[in-house]
Amino acid sequence: MPQVPPITNPFTKSKQNLFALIIGIDDYINCGKLRGAVADAKAMKEYLEQDLLVPGDHIRTLFDHDATRDAIIRAFKDLRNDERIENGNPIVIFYAGHGGELPSPASWTWWEPKSKIQCLLPQDYDTSRIPPIPDRAVGALIEDIAKAKGDNISVIFDCCHSASGTRGDSDNDGYVPRTVQLDYTIPEDLDQDIWGDRAGKIHPKFAYHGLRSHVLLAACGEKERAFEHEGRGQFTTAILETLKNRAIDDITYTEVLEHIHLDRQSPHCEGVNQHRIIFDPRVPAGRQVRHSVCIEDGGKYVIGAGLAHGVMYGVEFTMYNKQKRSLGVVVVHDDATLEDFQTTVTTSLRLTDASFAKLTRVGNLPLFPTLGGNLSSFLEEINRRMDVNGTNASNLRLVEEVKEAKLEVAIENNLAVIKVLDQRLKRFGLTDLSFKIAPERLTHALGAAAHYYWYLDLTKENNRMDTKDGVTVDFYLLKESESEYDEYGLPLLIPEPGFSGRRYSNVEISDVVDFVVDPDGVYGIKITNKTTQDLYLNAFLFNNSSLSIAPYYTQPISTGTPKPPLKQNASFIIGYGTTGTAPFTYSLDDGQDVDIGYLKIFFATRPIDLADIVQPPPFSTENARSWLDEGGRKARTAALPLMQPCEPKDTWFTVVIPVVQRRSGMLAV
């Protein structure tokens, strides 16, 4: 009798090279027992085996009494030492159980006195004998796995760390928090065997934005609680439901969160590689932010994108339903209501099932054409796109005088020549900047140029906060510290004393950063908030030599409202210190003596996702600024946001800082 093949989920794909460590603890010895952690762990194991066809001997499980402190640490080390695991093989580390929070030993958090550390609780945790496992140790263990096996590591934690209100919590409504109030003093030499001679030097924070060794899917925010209900964890249940009903080879970590909506907690995704396909090192290309749509009476649609996102009259949104099917294009005409963070439009299209919108056309680029050759047919195409009302269906605008244009285009020797006419560049000595491409690529290149200048020139009408101090930006050349180290044991980057990079204030708008390029140098910035409100931010480098836009910092992904990174009267660092953000590099091409980029920072009093501003170089060559490494690989559709009500005080503003890079011997401005 022929064997009947097993029935598998049509949405999944075999992951037979995946290895996993799965931990679930209900039966704690010395703290409150749980009811659903082991069930969650078993459900995760079942999903890996039955849906992804992971061999059973690739999965290590530790349930209840097997999940002692020693056993958990040993299991992490065994992953590192497993000779079956090749570099790049997917590794899943799952934990369901209690989490907690404790004061940090002073030497562990020298940069932030009286700070807290997060912990996982082993089954045998005891206040007098067996300590919890601090994030410092967890981070080091995962780091060691990544060094040996690569960074295709998925960490899923269905627990919480906030200690507020956990002792004496009632579960009368059936919801039980996975956290306990810890009573333990952590010795400074705890887990010395894990840290080795790095102890006391390495930044211990495990769950900060910018993780490099793995991607973390966490059940809730730092000050929230994760709950189980009716014998199962809410977070694990939602993750498994999402994975079982989506194509596993075409969904990213951030898109997993898109499908999870929990009432009591806001799952988070952290990590440099969060835009990878889950359990896979591949990164899909082409990110566009999805903006929420709210349908009102009278054929009105409120789209969750406004002036701060680059919406103006004439731009276009493409509308989609929940199945991601396009429903049609909506043009923002002059009867639309434009606000800072939302736009209200009317349309004759029937969009009763509209779920989200993408901003699919922006730009109004003034273009001066030099007539002749094959350019005539191109100009005819632009004119054809002009409708009877004068609306430009492309994102270009032909002008009759050179002084009105940003670009000049011509055909020379069967090549299209695009000359940059931006007068701002001449101030810094960049007087001749042009690109040559094949004529068939001209439409794409000019569309990218329109995108570039649209967002470079985007600004608020009254572009500052209601305060005299605003924000300041310090630009630094960085050097390696001789005494402070990151979680990899590498020296932390710190500002180089005496560097001539200048401080910028949005009050003194004439300031620039002007320096001689060190090809081996790395750079970073410190942003200080002197306004009266906490601020969210997105930072980009606009590269005039390639018309690319590279992300220096973009909004982290969360199903809830993320915390503002730039607190009032505080600073936020990009590129150095302990933030986990990458430093910047600059270089000049052969024969190039000066280059100018624009560091543009978008500030807002509410979260704003501007990741679709990012743009790769539209020409065949790119400046040696390694655009891809700075963020091009992170391109992917963002999680669908919920429509958030705009508060009267919500506002936004931008800062643009010219970054002038010179070869040695060239005079500064």
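Right above here is the structure, for reference.
### Some words on the sheet that holds strand E31 (residues 548-553)
By definition, the strands of a sheet pair up through backbone hydrogen bonds, in either a parallel or an antiparallel sense. Taken in spatial order, the five strands line up as E28-E35-E34-E30-E31 in an open sheet, and their pairing is mixed. The sheet terminates laterally at strand E28 (513-516) and E31, the two strands that pair on one side only. Across the sheet, the mean angle from the axis of one strand to that of its neighbour is 25 degrees, orientation sign disregarded. Relative to strand E35 (residues 652-662), E28 runs parallel, the two sharing four bridges. Bridging from a neighbouring strand, Asp514 pairs with Val660 of E35. Sheet contacts for helix H8 (residues 442-457): strand E30 (536-543), E31 and strand E34 (594-604); angle to E34, the most-contacted strand, approximately 60 degrees.

### With respect to helix H3 (residues 135-149)
In an α-helix there are 3.6 residues to a turn, and that puts residues three or four apart on one side. Here H3 spans 21 Å end to end across 15 residues, near enough to the 21 Å set by a 1.5 Å rise per residue. Burial of H3 is extensive: 13 of the 15 residues sit out of reach of the surface. One or two residues past the end of H3 sits Gly150, with phi positive at roughly 95 degrees.

### A look at the pairing of strand E9 (residues 215-218)
Because side chains alternate across E9, one face comprises the buried residues Val215 and Leu217, and the other comprises Leu216 and Ala218, equally buried. Note: strand E7 (residues 153-158) against E9, four bridges, orientation parallel. In the strand pairing of E9, Phe157 is matched with Ala218. Sheet topology places E9 next to strand E12 (residues 268-270); three bridges connect them, and they run antiparallel. Residue pairing for E12: Leu216 is matched across the bridge by Glu270.

### Examining the environment of Thr654
Tracing the chain through its elements places Thr654 in strand E35. As for Thr654 and Phe602, which are separated by 52 residues in sequence, their C-alpha atoms are 4.6 Å apart.

### Describing the pairing of strand E5 (residues 116-120)
A large share of E5 lies buried, amounting to four of its five residues. Examined bridge by bridge, strand E4 (residues 99-103) and E5 share five bridges and lie antiparallel to one another. Along E5, the bridge assignment pairs Glu101 with Gln118. The pairing of E5 with strand E6 (residues 133-134) spans two bridges and is classified as antiparallel. In the strand pairing of E6, Leu120 is matched with Ile133.

Reading guide: rules and limits
- Residues numbered from 1 in each chain as written.
- Predicted model: local features only at pLDDT ≥ 70, side-chain atom pairs only at ≥ 80, totals over all residues.
- Heavy atoms only, no water.
- Pairing = 2+ DSSP bridges.
- Helix = DSSP H or I, 4+ residues; strand = E, 2+ residues; numbered from the N terminus.
- Axes fitted to C-alpha atoms, helices over the stretch in contact; angles between N-to-C directions.
- Contact = heavy atoms within 4.5 Å.
- Expected span 1.5 Å × (residues − 1).
- Buried < 20%, exposed > 50% of the residue type's maximum accessible area, 1.4 Å probe, protein only.

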